[in-house]
Amino acid sequence: MTQATAERDREANALAHALRQALEVEDWTKLLDWVARDGEALDPATLEEVCRLILSAGAAEEPDAMAAVAISGEGRKRGANRLGQALAAGVAAEDSAAALSLRLARRTLKRGLHAAFVDLSESDGRRRFGVLVRAERLPDVWASLTETPFGDGCAILLVSPERDGREKWSAIQATFSLTPAEARLAQHMEEGVTLNEAAAAFGLSVFTVRAQLRAIFAKVGVRRQSELALAFKQFDGLLNAVVPVAAAPSKALARALTPSARALLANAPALRLFVLSDGRRLCYREYGDPAGRAVVIFHDSMGSSLAPPCTDDMARELGLRLVIPERPGFGQSDPSPRYGFDSVAADYAALIEGLDLGSVRLAAAASGAAFAIVTARLLGGACERLLLVSGRGATPTAPAPAHQSFLTRYRREMLSSPWLAEAMLRLYVQLYSREFVAGSLKRSTAQAPLDRAYVQSNAGLIDFLTARGTECFARGFAGPLADIACYRNAVAAPARLNTSVVVWHGMQDGSALLDDLLPSLAAPPAVLRRFAGHGHLLMLARWREMLEDLAADQPATGENIPNT
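Rules behind the numbers
Residues numbered from 1 in each chain as written. Predicted model: local features only at pLDDT ≥ 70, side-chain atom pairs only at ≥ 80, totals over all residues. Heavy atoms only, no water. Helix = DSSP H or I, 4+ residues; strand = E, 2+ residues; numbered from the N terminus. Buried < 20%, exposed > 50% of the residue type's maximum accessible area, 1.4 Å probe, protein only. Contact = heavy atoms within 4.5 Å. Areas by Shrake-Rupley, 256 points an atom, 1.4 Å probe, with all protein chains shown as cover. Arc of directions from axis to C-beta. Salt bridge = Lys/Arg side-chain N within 4 Å of Asp/Glu carboxyl O. Core = buried A, V, L, I, M, F, W, Y, C linked by side-chain atoms within 4.5 Å. Pairing = 2+ DSSP bridges. Axes fitted to C-alpha atoms, helices over the stretch in contact; angles between N-to-C directions. Left-handed = near helix turned anticlockwise from the far one by under 90°. Nonpolar A, V, L, I, M, F, W, Y, C, P; charged D, E, K, R; others polar. Phe/Tyr/Trp six-rings, centres within 6.5 Å; stacked < 30°, edge-to-face > 60°. Lys NZ or Arg CZ within 6 Å of the ring centre and 35° of its normal. pLDDT = per-residue confidence, 0-100.

Peer 1: I tried to follow the overall build of the protein chain on my own but got confused; where do I start?
Peer 2: When its secondary structure is counted, the protein chain shows 24 helices and 13 strands. Residues classed as buried in the protein chain amount to 57% of the 564 residues present. Long-range contacts, defined here as pairs at least 24 residues apart, represent 73% of the contacts in the protein chain between residues at least 6 apart. Summed over its atoms, the accessible surface of the protein chain is roughly 23400 Å², and 52% of this surface lies on carbon and sulfur atoms.

Peer 1: I would appreciate a short explanation of helix α19 (residues 449-457) in the present structure.
Peer 2: Count 3.6 residues to each turn of an α-helix, and residues three or four apart come out pointing the same way. Within the sequence span of α19, burial applies to Leu450, Asp451, Tyr454 and Val455. Down the axis of α19, the sector holding all buried residues measures 140°, keeping them to one side. Summarising the geometry of α19, the exposed residues directed more than 90 degrees from the buried face are Gln456 and Ser457. Packing partners of the buried residues in α19 comprise α18 (434-444), α20 (461-472) and α23 (538-541).

Peer 1: Looking at this model, I keep getting lost on the pattern of salt bridges. Mind explaining?
Peer 2: Counted by the stated rule, this structure contains 20 salt bridges. Here aspartate 347 makes a salt bridge to arginine 280, at a shortest N to O gap of 3.0 Å. Residue aspartate 347 is located in helix α14 (residues 341-354), and its partner arginine 280 is located in the loop between β6 (272-275) and β7 (281-288); the two are separated by 67 residues in the primary sequence. For the pair shown, aspartate 347 and arginine 280 are each scored as buried. For glutamate 286, the salt bridge identified is with arginine 321, shortest N-O distance 2.9 Å. Here glutamate 286 is found in strand β7, whereas its partner arginine 321 is found in strand β9 (residues 320-325), with 35 residues between them in sequence. Exposure remark for glutamate 286: the relative accessible area of 10% places this residue in the buried category. Where salt bridges share partners, they join Asp278, Arg280, Arg338 and Asp347 into one cluster.

Peer 1: What's the story with the nonpolar core in this structure? I'm lost.
Peer 2: Note on soluble globular proteins: their nonpolar side chains tend to be buried together. Of all hydrophobic cores here, the largest spans 94 residues; its most connected members are Leu362, Leu388 and Met546. A total of eight residues in this core trace back to one element, the largest contributor, which is helix α15 (residues 368-379). With near-sequence residues (within four places) excluded, leucine 388 lies in contact with Ala364, Ala369, Ala372, Ile373, Val501, Val502, Val503, Trp504 and Leu517. Residues Leu185, Ala198, Val209 and Leu228 belong to the second largest nonpolar core, which totals 19 residues.

Peer 1: I'm lost on the pairing of strand β1 (residues 67-71) in this one. Help?
Peer 2: Two faces make up the sheet, and in a regular strand the side chains alternate between them. Counting buried positions along β1 yields five of five residues, so the element is predominantly enclosed. Burial along β1 is two-sided: the residues Ala67, Val69 and Ile71 and Ala68 and Ala70 are all buried. Taken together, the three bridges between β1 and strand β2 (residues 77-80) define a ladder with antiparallel strand orientation. Across the sheet, residue valine 69 finds its bridge partner in β2, namely alanine 80.

Peer 1: Any chance you could explain unusual backbone geometry here in plain terms?
Peer 2: A negative phi angle is the norm for most residues apart from glycine, just as the trans form is the norm for most peptide bonds. Its identity as a non-glycine residue notwithstanding, cysteine 310 has a phi of 75°, on the positive side. Relative to the helices and strands, cysteine 310 resides in the loop between β8 (293-298) and α13 (311-318). Its relative accessible area of 51% is what places cysteine 310 among the exposed residues. At aspartate 356, a residue that is not glycine, the phi angle is positive and equals roughly 55°. On the secondary structure map, aspartate 356 appears in the loop between α14 and β10 (360-365).

Peer 1: I'm lost on the packing of helix α12 (residues 259-267) against α20 in this one. Help?
Peer 2: The relative placement of two packed helices comes down to the angle between their axes together with the axis-to-axis distance. Two numbers describe how α12 lies on α20: the axes approach to 8 Å, and their chain directions differ by 65°. Here α12 runs over α20; the crossing is right-handed. Across the interface between the two elements, Ser260, Ala261, Leu264 and Leu265 of α12 pack against Asp463, Phe464, Ala467 and Glu471 of α20. Looking at the contact of α12 with α20, its residues break down into five nonpolar, one polar and two charged.

Peer 1: Can you walk me through the packing of aromatic side chains in this structure?
Peer 2: Each aromatic ring pair is characterised by the separation of its centres together with the angle its planes make. On inspection of all chains with the given rule, the structure shows four aromatic pairs. On the numbers, 5.9 Å between centres and 70° between planes, the contact of tyrosine 339 with phenylalanine 371 is edge-to-face. With tyrosine 339 in the loop between β9 and α14 and phenylalanine 371 in helix α15, the pair connects residues that are 32 residues apart, well separated along the chain. Among the residues examined, tyrosine 339 registers a relative accessible area of 16% and is labelled buried. Ring pairs connect the aromatic residues Tyr339, Phe341 and Phe371, which therefore count as one cluster. Lying across the ring of phenylalanine 202, arginine 184 places its NZ or CZ 3.8 Å from the centre. The aromatic ring of phenylalanine 330 is capped on one face by arginine 327, whose charged end is 5.0 Å from the ring centroid.

Peer 1: What exactly am I supposed to notice about the sheet that holds β7 here?
Peer 2: Two pairing modes exist for strands in a sheet, parallel and antiparallel, and in both the strands are linked by backbone hydrogen bonds. Strand order in the open sheet formed by eight strands is β6-β7-β9-β8-β10-β11-β12-β13, with mixed pairing between adjacent strands. In the strand order of this sheet, the two ends are held by β6 and β13 (527-531), each with one partner. Geometrically, the sheet is characterised by an average inter-axis angle of 25° between neighbouring strands, direction not taken into account. Here β8 pairs with β10 via four bridges, running parallel. Across the sheet, valine 296 pairs through a bridge with leucine 362, a residue of β10. Against the sheet, α13 engages β7 and β9, with an angle of about 65° to β7.

Peer 1: Would you mind showing me how to read the confidence of the model for the protein chain here?
Peer 2: Detail in the predicted coordinates should be disregarded across regions flagged by low pLDDT. Mean pLDDT over the protein chain works out to 75, with 64% of the residues at or above the 70 mark. The low-confidence segment residues 8-63, where pLDDT is below 50, has 138 contacts with residues more than four positions distant or belonging to other chains. Across residues 237-249, where pLDDT falls below 50, the model places 41 contacts with residues more than four positions away in sequence or in other chains.

Peer 1: Please clarify how the environment of isoleucine 324 should be interpreted in this entry.
Peer 2: Residue position: isoleucine 324 is located in strand β9. For the pair formed by isoleucine 324 and tyrosine 284, sequence separation is 40 residues and the distance between their alpha carbons is 5.4 Å. Sequence-distant contacts of isoleucine 324, that is, excluding residues within four places in its chain, are made with Cys283, Tyr284, Arg285, Tyr287, Ile297, Ser304, Ser305 and Ala307.

Next comes the structure, spelled out in structure tokens:
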């Protein structure tokens with residue numbers, strides 16, 4: 001074995017081990033360590049392999065979504081779908097490089113791992129990779145590849161279909177919010193065209209083309225043309241393995257729901273749809289007294305309109321009319337082609353006017369805070385109060401804390417390496433389950449004793465969060481993906497608000513930093529409450545107290561709440 005082959009095998013085994021850790025919900029950080037390494041220090045082909053593995057190992061729900069070949073425990077072909085027929089012939093040739101790579105992958109699976117790479121690169125130099133996945137890790141629908149049961153040791157070789165260049169550049173333009181002119185220039189840059197040559201081809205000045213290139217750098221998150229070409233090469237590998245966002249694995253999400261979680265959804269207030277002026281539908285739920293004081297709540301980046309159990313009774317008792325919309329692309333709300341802080345604020349303002357809510361109070365959690373701030377500015381005097389709980393500012397500026405959670409690190413990496421966002425979100429959706437939520441809570445509350453106590457004393461919390469996340473991804477992850485792009489491209493001046501601003505912050509919150517939030521406000525908040533012992537679950541842990549504060553004529557005050 002050559003040194004290069006040994007190194008590639010080591011990389012593949014380590015990546016497969018990292019994926020196993022993620023699939024078993026043990027330690028996401030090991031996976032992120034591999035994905036987020038410095039691109040110049042990591043072989044571009046390995047980065048491409050990472051994306052393919054992340055996107056393919058979860059597998060699509062439909063057997064014809066990608067090429068697939070069933071391999072028996074003895075290494076024989078057991079069956080293939082239509083796209084996999086040609087692939088099967090290649091791996092069947094005993095002396096082919098693909099067959100050798102497949103044998104190495106099968107040895108990896110025999111050592112107890114769930115997935116491994118197979119190098120299917122062709123003789124013309126085109127790099128192509130597949131992933132060999134244990135059959136039991138895939139949906140039952142893949143059993144249709146063979147006429148007989150899989151049997152012990154059976155695995156499925158998955159390879160994504162080729163995509164044409166038009167689809168690639170359409171996806172790049174949408175993902176990075178490039179203008180048509182910027183997309184045209186980016187395509188030429190990837191092909192090695194110089195600025196002078198591009199300017200001559202487009203009939204523009206070099207100054208104009210250079211300005212367009214700077215805008216592309218800012219949106220993609222790179223500094224040099226060589227980095228731009230690498231990013232698009234990596235995106236190409238990602239695109240080849242991804243199925244359309246609209247075809248999210250709803251069946252896989254349905255399997256994540258326990259009977260208790262299903263009961264929560266069945267007993268929640270009915271989903272309602274508000275039709276915006278452009279025909280898009282905004283989904284929302286209402287809780288409490290229809291004639292009560294109006295409060296609009298902005299959910300976080302993995303949220304929906306589902307509120308904690310008993311919210312309807314609490315709000316009715318307190319004389320509140322709670323309205324919780326789902327941002328465009330979340331839950332059942334239609335995606336927005338112009339997703340941004342201003343466009344979401346305009347959608348919410350239209351909903352508030354359409355429901356004749358009059359003067360409202362706004363409350364927001366985590367990533368919902370930046371959208372709530374812009375909405376409050378748009379509403380002007382019609383916003384009576386703005387409550388931000390565990391809020392995130394438009395862009396992270398504070399140094400990352402020593403106790404940052406995985407999700408904090410994930411968000412920061414996605415802002416600096418945006419081409420990875422879709423791969424990580426797809427993996428997140430594929431892994432989503434009650435056990436996944438429980439494992440995430442255990443890690444995220446490690447440094448927050450009151451959050452941890454809240455989780456331990458609320459047996460139904462995990463089912464609630466599982467149900468809410470299932471709703472969030474009901475039609476895909478266009479909303480969370482748009483959230484990341486929105487924060488990445490944010491260039492917002494501190495907001496001057498004509499309303500009273502109240503900020504609640506958990507002092508052990510490693511996911512949302514107060515020093516990131518406060519610069520989003522032009523003036524200090526009227527009330528700043530720091531809660532010792534609490535972390536990112538502050539809003540849920542103090543849900544009743546938050547509703548009482550929103551119902552009161554004046555907000556409560558007090559800092560450094562003791563650990564009680």
